[in-house]
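Single-letter residue listing:
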Amino acid sequence: MTQAVRQPRRPRSLINTVLNSDGRPHPLENTFVAVTVVLGLLAFVSSAFNNLHLLSSWSGLAGIFTGAYGQYISATTGERFLLIIGLGAAAFGFFLGMAHGGLFGGLIG
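Presented here is a report on the structure given in the accompanying data block. (Residues numbered from 1 in each chain as written. Predicted model: local features only at pLDDT ≥ 70, side-chain atom pairs only at ≥ 80, totals over all residues. Heavy atoms only, no water.)

1. Side note on the environment of E29
Alright, step 1. The residue E29 is located in helix α2 (residues 27–46) in this model.
Alright, step 2. For E29, a relative accessible area of 17% gives the class buried.
Alright, step 3. Separated by 41 residues in the primary sequence, E29 and G70 have C-alpha atoms spaced 6.2 Å apart.
Alright, step 4. When residues no more than four places from it in sequence are discounted, the contact partners of E29 are I73, S74, A75 and E79. (Helix = DSSP H or I, 4+ residues; strand = E, 2+ residues; numbered from the N terminus. Buried < 20%, exposed > 50% of the residue type's maximum accessible area, 1.4 Å probe, protein only. Contact = heavy atoms within 4.5 Å.)

Written as structure tokens, this is what we have:
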């Protein structure tokens, strides 16, 4: 009996199986996923420092907007999953950035 030979998974094929699970490419949706996750990670990490409130609040706000639009146009469950992770991190960073000084903290007024 012949067994099928398993190919080792490359990172590119893993991305295709998670984000493009319907078999069709979604370059715009995948771009929104990547941007939201990066902005969410940036907002989350920078919110731990009081003096980086401008960076965390602005990157969090941008991550919230890109994640919301990405949810609106998303096509697969994998995209939606990663968008929610990025949205949560962006919102967390945004709210902590607002608590530490806000979007303009000391620059205006």
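2. A few points about the environment of A62
Alright, step 1. Position of A62 relative to the elements: it lies in helix α3 (residues 53–73).
Alright, step 2. Taking relative accessible area as the criterion, A62 reaches 29% and is therefore assigned partly exposed.
Alright, step 3. Between the C-alpha atom of A62 and that of F94, which follows or precedes it by 32 residues, the distance is 9.1 Å.

3. Focus: the packing of α3 against helix α4 (residues 77–100)
Geometry of a packed helix pair, given as the angle between the helix axes and the separation of the axes.
Alright, step 1. At their nearest, the axes of α3 and α4 sit 7 Å apart, and the two run at 150 degrees to each other. By the angle class used here, α3 and α4 are roughly antiparallel. When the axes of α3 and α4 are compared, the crossing they make is left-handed. Contact residues: H53, S56, S57, G60, L61, G63, I64, G67, A68, G70 and Q71 in α3; R80, L83, I84, L87, A90, A91, G93, F94, G97, M98 and H100 in α4. (Axes fitted to C-alpha atoms, helices over the stretch in contact; angles between N-to-C directions. Parallel < 35°, antiparallel > 145°, perpendicular 65-115°, else oblique. Left-handed = near helix turned anticlockwise from the far one by under 90°.)

4. Remarks on the pattern of salt bridges
Alright, step 1. Scanning the entire structure with this criterion turns up one salt bridge.
Alright, step 2. R24 serves as the salt-bridge partner of D22, at 4.0 Å between the closest nitrogen and oxygen.
Alright, step 3. Classification of D22 as partly exposed rests on a relative accessible area of 35%. (Salt bridge = Lys/Arg side-chain N within 4 Å of Asp/Glu carboxyl O.)

5. Description of α2
Alright, step 1. With 20 residues, α2 extends 28 Å from end C-alpha to end C-alpha; this agrees with the ideal 28 Å at 1.5 Å per step.
Alright, step 2. Looking only at α2, the buried set comprises E29, N30, F32, V33, T36, L39, G40, A43 and S46. (Expected span 1.5 Å × (residues − 1).)

6. Brief notes about a nonpolar patch on the surface
Alright, step 1. Together, L41, L42, F44, V45, F49, L52, L55 and F92 make up an exposed nonpolar region whose accessible area comes to about 710 Å².
Alright, step 2. Looking at which element gives the most residues to the nonpolar patch, the answer is α2, with four residues. (Patch = residues over 30% accessible without salt bridge, like charges linked within 9 Å, V, L, I, M, F, W, Y side chains within 5 Å. Areas by Shrake-Rupley, 256 points an atom, 1.4 Å probe, with all protein chains shown as cover.)

7. Concerning the environment of H26
Alright, step 1. Examined against the element boundaries, H26 turns out to sit in the loop between α1 (11–19) and α2.
Alright, step 2. The sequence separation of H26 and S74 amounts to 48 residues, and the corresponding C-alpha distance is 8.7 Å.
Alright, step 3. If we skip the residues at most four places from it in the chain, H26 touches L19, N20, A75, T76 and E79.
Alright, step 4. For H26, the side chain forms a polar contact with the main-chain oxygen of R24, separated by 3.3 Å. (Polar contact = N/O pair within 3.5 Å; in protein donor to acceptor, adjacent residues only side chain to side chain.)

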